[in-house]
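As a plain string of letters, each chain reads:
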Amino acid sequence: MNVKVINGTAIPNLPWQEKPAGCTDVIWRYEQNPVIQRNQVPNSNSIFNSAVVPFEGGFAGVFRVDDRSRNMELHAGFSKDGLHWDINPERIEFVSDIPDMQEFQYGYDPRVCWIEDRFYVTWCNAYGWKPTIGLAYTFDFKTFHQLENAYLPFNRNGVMFPRKIGGNYMMMSRPSDSGHTPFGDIYVSQSPDLTYWGKHRHMMGPSKGWESTKIGAGPIPIETDRGWLIFYHGVLTSCNGYVYSFSAALLDKDEPWKVLKRGRDYLISPQTYYECVGDVPNVTFPCANLVDAETGRIAIYYGCADTVTSLCFTTVDDVIDYLDHNSQV
Ligand code: BMA
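Notes on the structure follow. Note that the structure is predicted; figures quoted are calculated from it, not measured.

1. Digging into the overall build of the protein
What the protein contains, in helices and strands, is 2 helices and 21 strands. Taking 329 residues into account, the globule formula puts the C-alpha radius of gyration at 20 Å, and the protein, at 18 Å, falls close to it. For the C-alpha atoms alone, the extent of the protein along its principal axes is close to 55 × 45 × 45 Å. Here the protein holds 329 residues, and the buried ones make up 58% of them. Expressed as a percentage of contacts within the protein between residues at least 6 apart in sequence, the contacts between residues at least 24 apart total 54%. As displayed, the protein offers around 13,500 Å² of accessible surface, 48% of which is attributable to carbon and sulfur atoms. Computing the positive centroid from 28 side-chain charges and the negative centroid from 38, the protein places the two 4 Å apart.

2. Comments concerning the environment of W85
Position of W85 relative to the elements: it lies in the loop between β4 (72-79) and β5 (86-87). For the pair W85 and I36, spaced 49 residues apart in the sequence, the C-alpha separation amounts to 7.4 Å. Here W85 is in contact with I36, Q40, V52, F59, A60, G61, F63, G77, F78, S79 and Y301, once residues within four sequence places are set aside. A polar side-chain atom of W85 sits 3.0 Å from the main-chain carbonyl oxygen of G82.

3. Quick look at the site of the ligand
N49, R64, Y108, D109, Y244, V280, V283, F285 and D306 make up every residue found near the ligand. Contact between the ligand and N49: an oxygen atom at 2.9 Å from a side-chain N or O atom of the residue. Take R64: an N or O atom from its side chain is 2.7 Å from an oxygen atom of the ligand. Of the residues contributing to the shell around the ligand, the split by class is 5 nonpolar, 1 polar and 3 charged.

4. Focus: the pattern of salt bridges
Inspection of every chain in the model, using the stated rule, returns 16 salt bridges. Two residues, K253 and D254, come together in a salt bridge whose shortest N-O distance is 3.4 Å. With relative accessibility at 47%, the residue D254 sits in the partly exposed group. With a shortest N-O distance of 3.6 Å, D324 and K261 are connected by a salt bridge. Note that D324 is positioned in helix α2 (residues 316-325) and K261 in strand β18 (residues 259-262), a separation of 63 residues in sequence. Here the salt bridges share partners, and the residues they tie into one network are R38, R70 and D279.

5. Looking at unusual backbone geometry
A cis geometry characterises the amide bond from N33 onward to P34, with omega recorded as -10 degrees. Here P34 lies in the loop between β1 (28-29) and β2 (44-55). Across the junction of P153 and F154, the peptide omega takes the value 5 degrees, indicating a cis bond. Mapped onto the elements of the fold, F154 is located in the loop between β9 (145-146) and β10 (155-160). Phi at N49 is positive, roughly 35 degrees, even though this residue is not glycine. Along the polypeptide, N49 turns up in strand β2.

Conventions we followed
Residues numbered from 1 in each chain as written. Predicted model: local features only at pLDDT ≥ 70, side-chain atom pairs only at ≥ 80, totals over all residues. Heavy atoms only, no water. Helix = DSSP H or I, 4+ residues; strand = E, 2+ residues; numbered from the N terminus. Rg over C-alpha atoms; globule rule 2.2 N^0.38 Å. Buried < 20%, exposed > 50% of the residue type's maximum accessible area, 1.4 Å probe, protein only. Contact = heavy atoms within 4.5 Å. Areas by Shrake-Rupley, 256 points an atom, 1.4 Å probe, with all protein chains shown as cover. Lys, Arg positive; Asp, Glu negative; His and termini not counted. Charge placed at Lys NZ, Arg CZ, Asp CG, Glu CD. Polar contact = N/O pair within 3.5 Å; in protein donor to acceptor, adjacent residues only side chain to side chain. Near = heavy atom within 4 Å. Nonpolar A, V, L, I, M, F, W, Y, C, P; charged D, E, K, R; others polar. Salt bridge = Lys/Arg side-chain N within 4 Å of Asp/Glu carboxyl O.

So yeah, pure geometry; function would need other evidence.
Below, the structure is given as structure tokens:
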């Protein structure tokens, strides 16, 4: 490995498949995709845009499950190998001492981040039936303690950094509108206590064709000796609607709103059947990455066509090498 993963852990049982012979892509897909089918839970319509982490020698996660009434809900799930998942049929019932946080309206697009001694979950949470960023923590994926929402509506794609930086917790987010927002930049906000968020800094906005409409943060940032490595999604407006692809960027380690490198091209765009056909065609939407600190191998979980969940693979060296030669900040 040329680039070192910092503060990472070894994941010897990381789901993994070698790059196919002759493949020149930076990120390659798992051959048995999708790993999570739409009807894996009784009464589910779709399971996608979901987050997983290493847990007790295996893996745990928070899954976006839309049910057959088309309620958008979050379910916990467990797996020994990261491929075969046992997802709870009942949605997560958050507990909270804060009366205003006690009613669950809808939740989607979760991310899970280990910080210090527990797992934090961020998700797009309805407050007054309007989307903002919900925040909760869990130790065991059984009881989830809900905290204050991080922001006012409208906001989506809240993604925490896995440690305090300069003494504060940090979170990326994407201020939005009430609909299928036709704009969107990524900002980084800071908090001393996970209740009050401020010092909002602009990180980056839409750019080249594949990400010309809006962008949003994806999985939890990976700390390396070159800076924070992130995957993020970008949206193109075609004559037939939105197309969601994703690429990578490298952020300054102390001031992560400063973008050091940014992929010129997408690294994954909707091209396979399961990415192009589903409830919302042409969506690849990453919400989690598992990183083996020993080898630099990365397994990315991404939602496909708002219907199923898939896996793809790369390495820290492959992505940084790509960024070193194909960056357009
Ligand atoms: C976004 C979110 C995502 C979804 C995407 C494509 O606004 O709702 O959950 O994957 O649209 O429909």
